[in-house]
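# Breakdown of the fold
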Amino acid sequence: MTKGTLRPRIKVCCISSVEEARLAAAAGADLIGLVGPMPSGPGVLTLDECRQIAQAAPAWVTPVLLTSSETADDIAEDVRTCGVRAVQIVRHVEPEVHRRLAEMLPSVRRLQVIHVEDRKAVASIERYGMLPDAYLLDSGKPSSDQLGGTGRVHDWEVSAAFVRHAPRPVFLAGGLNPLNAGEALATVKPFGLDICSGIRVDDILNRQKLDGFMAATRTAMLP
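The text that follows walks through the structure, step by step, so that each part is easy to find.

Conventions used here
- Residues numbered from 1 in each chain as written.
- Predicted model: local features only at pLDDT ≥ 70, side-chain atom pairs only at ≥ 80, totals over all residues.
- Heavy atoms only, no water.
- Core = buried A, V, L, I, M, F, W, Y, C linked by side-chain atoms within 4.5 Å.
- Buried < 20%, exposed > 50% of the residue type's maximum accessible area, 1.4 Å probe, protein only.
- Contact = heavy atoms within 4.5 Å.
- Disulfide = S-S within 2.5 Å.
- 1 Å grid on protein atoms, 1.4 Å probe; cavity = no way out; pocket = protein on both sides within 12 Å on 5 of 7 lines; lining within 4 Å.
- Points joined across faces, edges and corners; volume = space filled by probe spheres on them.
- Nonpolar A, V, L, I, M, F, W, Y, C, P; charged D, E, K, R; others polar.
- Salt bridge = Lys/Arg side-chain N within 4 Å of Asp/Glu carboxyl O.
- Helix = DSSP H or I, 4+ residues; strand = E, 2+ residues; numbered from the N terminus.
- Expected span 1.5 Å × (residues − 1).
- Arc of directions from axis to C-beta.
- Polar contact = N/O pair within 3.5 Å; in protein donor to acceptor, adjacent residues only side chain to side chain.
- Phe/Tyr/Trp six-rings, centres within 6.5 Å; stacked < 30°, edge-to-face > 60°.
- Pairing = 2+ DSSP bridges.
- Axes fitted to C-alpha atoms, helices over the stretch in contact; angles between N-to-C directions.

### Things to note about the nonpolar core
With 60 residues, the main nonpolar core has Val12, Ile15 and Phe213 as its most contacted residues. Here Ile15 is in contact with Glu20, Ala21, Ala24, Ile32, Gly33, Leu34, Leu45, Ile53 and Leu205, once residues within four sequence places are set aside.

### Looking at the state of the cysteines
Under the criterion given, the structure shown has one disulfide. As a non-bridged cysteine, Cys13 has Cys14 as the owner of its nearest cysteine sulfur, 4.4 Å distant. On the accessibility criterion, Cys13 (5% relative accessible area) is buried.

### Describing the layout of surface pockets
In this approach, a probe sized like a water molecule rolls over the atoms, and the result shows the empty space that is left. What the largest pocket holds in volume is close to 190 Å³. As for the largest pocket, its lining consists of Arg9, Asp30, Leu31, Thr62, Ala86, Arg109, Leu111, Asp133, Ala134, Pro169, Phe171 and Phe191. Grouping the amino acids of the lining of the largest pocket by side-chain chemistry returns seven nonpolar, one polar and four charged.

### Brief notes about the pattern of salt bridges
Opposite charge on two side chains allows them to pair when their charged atoms are near. Going through the model one piece at a time under the given rule, you end up with ten salt bridges. Put simply, Lys11 and Asp194 hold a salt bridge, and the shortest N to O gap is 2.4 Å. Of this pair, Lys11 sits in strand β1 (residues 9-12) while Asp194 sits in strand β8 (residues 192-195), and the two are 183 residues apart along the sequence. Between Arg200 and Glu20 there is a salt bridge, with the nearest N and O atoms lying 2.8 Å from each other. Of this pair, Arg200 sits in strand β9 (residues 200-201) while Glu20 sits in helix α1 (residues 18-27), and the two are 180 residues apart along the sequence.

### Concerning helix α8 (residues 207-219)
With 13 residues, α8 should cover 18 Å at 1.5 Å per step; its first-to-last C-alpha distance of 18 Å lies within 8% of that length. Considered for burial, the residues of α8 that qualify are Leu210, Phe213, Met214, Ala216 and Thr217. Seen along its axis, α8 keeps its buried residues to an arc of 155°; they face one direction. Turned more than 90 degrees off the buried face of α8, the exposed positions are Arg207 and Gln208. Sitting at the amino-terminal end of α8 is Asn206, which places a side-chain oxygen 3.1 Å from the backbone nitrogen of Gln208.

### Examining the environment of Val35
Mapping Val35 onto the fold places it in strand β2 (residues 31-35). With relative accessibility at 5%, the residue Val35 sits in the buried group. When the C-alpha atoms of Val35 and Ser68 are compared, they prove to be 9.2 Å apart, with 33 residues separating the residues in sequence. Apart from residues no more than four positions distant in its own chain, Val35 is found in contact with Cys13, Cys14, Pro42, Gly43, Val44, Leu45, Cys50 and Leu66.

### Details of the packing of aromatic side chains
One pass over the full model with this rule turns up two aromatic pairs. Judged by centre distance (5.2 Å) and plane angle (75°), the ring pair of Tyr135 and Phe162 falls under edge-to-face. Placement of Tyr135 in strand β6 (residues 134-138) and of Phe162 in helix α6 (residues 156-165) is noted, with a sequence separation of 27 residues between them. Both residues of the pair, Tyr135 and Phe162, belong to the buried class. Seen in terms of ring centroids, Phe171 and Phe191 are 5.6 Å apart; in terms of plane orientation they differ by 80°. Their pairing is edge-to-face. You can see Phe171 sitting in strand β7 (residues 170-172) and its partner Phe191 sitting in the loop between α7 (181-188) and β8, a full 20 residues away along the chain.

### Remarks on the sheet that holds β2
Here eight strands make up a closed barrel; going around it, the order is β1-β2-β3-β4-β5-β6-β7-β8 and the pairing parallel. If you compare each strand with its neighbour and ignore which way they point, the axes differ by 25° on average. In the sheet, β6 pairs with β7 via three bridges, with the strands oriented parallel. Among the inter-strand pairings, Tyr135 is bridged to a residue of β7, identified as Val170.

As far as function goes, none of this settles anything; it's purely spatial.
What follows is the structure in structure tokens.
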């Protein structure tokens, strides 16, 4: 994503209420993230809470369920319970999981999270290829059950290499905020940005920070 190109898609994650979903939508978010049961991280909801927010979300945003489930059957059950059309798979599942989900839930878009711990992350492209509908680069450590929402920035040079080689759109997450959004877009050139803790105060979505983040992404697009 460089200046003068199509605008980056924005996913506001860790949405915890209908009010936050509406605030994110009004600010211009394209997607909202609903964090299902997780071993760690902010904004964790029950699947019933995810469903209630998804059903009440404005029609012009796409609710995305974040699931830590690992099998196709369990992920499909999570998606059906929440009634969403997009799911973010936060573990490095087997490629076969994507093949089965494509058969089981053909209308549901799948975002595969890749946790960028080192340069080996780029090798995940060969592992998954075209199977996911999109990738999302985050800063978790699956070995420690950290599956997102860390507020940490990872190595953007690795992420930029991932974007250059990926056959699918790539979202960038991890430690983003209104001050570094423009640099992230210029350095990594992702399809979109995903933000959680960088626009929250005391675990509540902050309108001023949200507006600042959205303004920063628009400024980065200027010729």
